Amino acid sequence: MPPKPRTNWAMYGKMLAAGAVCCIGGPALVIWVSPTEEELFQKYNPELQKRSLENRLQKQEDFDHFAMKLREYSKSDKPIWVAAELDERKTRDGKIAEQAKLIEEMRKRKEEMRNDGVKPVPGGSL
């Protein structure tokens, strides 16, 4: 029976060190190099800083609304994308019905004006 070959511990040590450098050092380098939100904000010109501060509250409200909708969708038995699509359809149908109601109301106003003998103003919206 031939003798067992010796284990090359130096090679395994180098491989372990290289793996640690790649797996730990790479993400650490990315975190160290990438700027924070405050640093990016300071690099904006004053006009953009002002606009960003004005829109911050609206963006936060939009995100909160989005998160609440996602929580609502996740309570359903259906997948989130299916529940979102159903909600979008319901919202769209509601808007279409509202527009149809407004159009019908405008038509009734025009008809009423014709019956009363009042002439519409040229260029008017009625």
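Now for a look at the structure at hand. (Residues numbered from 1 in each chain as written. Predicted model: local features only at pLDDT ≥ 70, side-chain atom pairs only at ≥ 80, totals over all residues. Heavy atoms only, no water.)

Concerning the packing of aromatic side chains
For the record, the criterion: Aromatic contacts are taken between Phe, Tyr and Trp rings whose centres are within 6.5 Å, Trp giving its six-membered ring; a plane angle under 30 degrees counts as stacked, one over 60 as edge-to-face, and the others as tilted. Per the convention used, a helix needs a DSSP run of H or I reaching at least four residues, while a strand needs a run of E reaching at least two, with both numbered from the N terminus. The buried label goes to any residue with under 20% of its type's maximum accessible area, the exposed label to any with over 50%, and the partly exposed label to all in between, with areas taken from a 1.4 Å probe on protein chains only. For a ring to carry a charge above it, either NZ of a lysine or CZ of an arginine must fall within 6 Å of the ring centroid while also lying within 35 degrees of the normal to the ring plane.
Summed over the entire model, instances satisfying the criterion amount to two aromatic pairs. Both rings, one in tryptophan 9 and one in tyrosine 12, keep their centres 6.4 Å apart while their planes meet at 65 degrees; by these two values the pair is edge-to-face. A residue pair is termed a helical-turn pair when its members lie 3 or 4 positions apart in one helix, as tryptophan 9 and tyrosine 12 do in helix H1 (residues 9–33) at three residues. With relative accessibility at 43%, the residue tyrosine 12 sits in the partly exposed group. Positioned over the ring face of phenylalanine 41 is arginine 56, at 5.8 Å from the centre of the ring.

Overview of the state of the cysteines
Note on terminology: a disulfide is the covalent bond linking the sulfur atoms of two cysteines. What counts, and what does not: Two cysteine sulfurs form a disulfide in these notes if their separation is within 2.5 Å.
Inspection of every chain in the model, using the stated rule, returns zero disulfides. Cysteine 22 takes part in no disulfide bond, and the closest cysteine sulfur to it belongs to cysteine 23, at a distance of 6.5 Å. The exposure class of cysteine 22 is exposed, given its relative accessible area of 58%.

Observations concerning the pattern of salt bridges
The line we're drawing: By definition, a salt bridge exists where a carboxyl oxygen of Asp or Glu is found within 4 Å of a side-chain nitrogen of Lys or Arg.
Considering all chains together, one arrives at six salt bridges under this definition. A salt bridge links glutamate 104 to arginine 107; the nearest nitrogen and oxygen atoms lie 2.3 Å apart. With a gap of three residues between them, glutamate 104 and arginine 107 both fall in helix H4 (residues 80–116), about one helical turn apart. Here arginine 107 falls in the partly exposed class, since its relative accessible area comes to 45%. Of the charged contacts in the structure, one is a salt bridge between glutamate 105 and arginine 109, with a shortest N-O distance of 2.7 Å. A residue pair is termed a helical-turn pair when its members lie 3 or 4 positions apart in one helix, as glutamate 105 and arginine 109 do in helix H4 at four residues. Overall, glutamate 105 belongs to the partly exposed group, its relative accessible area being 36%. Assessed through its relative accessible area of 40%, arginine 109 is described here as partly exposed.

A few points about the layout of surface pockets
Heads up, the condition is: A cavity, in this analysis, means grid points on a 1 Å lattice covering only the protein atoms where a 1.4 Å probe fits yet has no way out; a pocket is instead an open set bounded by protein on both sides within 12 Å along at least five of seven lines, and a residue lines either one if it has an atom within 4 Å of a point. Grid points are joined across faces, edges and corners, and a volume is the space filled by probe spheres set on the points. When residues are grouped by polarity, Ala, Val, Leu, Ile, Met, Phe, Trp, Tyr, Cys and Pro land in nonpolar, Asp, Glu, Lys and Arg in charged, and all others, Gly among them, in polar.
As a volume, the largest pocket reaches approximately 240 Å³. For the lining of the largest pocket, the secondary-structure elements that each account for two or more residues are helix H2 (37–43) and helix H3 (46–74). Residue contributions to the lining of the largest pocket peak at six residues, all from H3. Taken together, the residues of the lining of the largest pocket break down into four nonpolar, two polar and four charged.

Structural notes on the packing of H3 against H4
Each pair of packed helices can be summarised by the angle the axes make with each other and by the distance between the axes. The test is simple: Axis definition: a line fitted to C-alpha atoms, over the contacting stretch in the case of helices. Angles run 0 to 180 degrees between N-to-C directions. Reported orientations rely on four angle classes, namely roughly parallel under 35 degrees, roughly antiparallel over 145, roughly perpendicular from 65 to 115, and oblique for the rest. The handedness criterion is simple: a crossing whose near helix is rotated anticlockwise from the far helix by less than a right angle is left-handed, and one whose near helix is rotated clockwise is right-handed. Residue contacts follow a heavy-atom distance rule, with two residues in contact if any of their heavy atoms lie within 4.5 Å.
It is at 9 Å that the axes of H3 and H4 come closest, and there the two elements cross at 110 degrees. When the interaxial angle is binned, H3 and H4 end up roughly perpendicular. Remark: the crossing between H3 and H4 carries right-handed chirality. Contacts between H3 and H4 involve Lys69, Leu70, Tyr73 and Ser74 on the former and, on the latter, Ile80, Ala83, Ala84 and Asp87. Broken down by class, the residue content of the contact of H3 with H4 amounts to five nonpolar, one polar and two charged.

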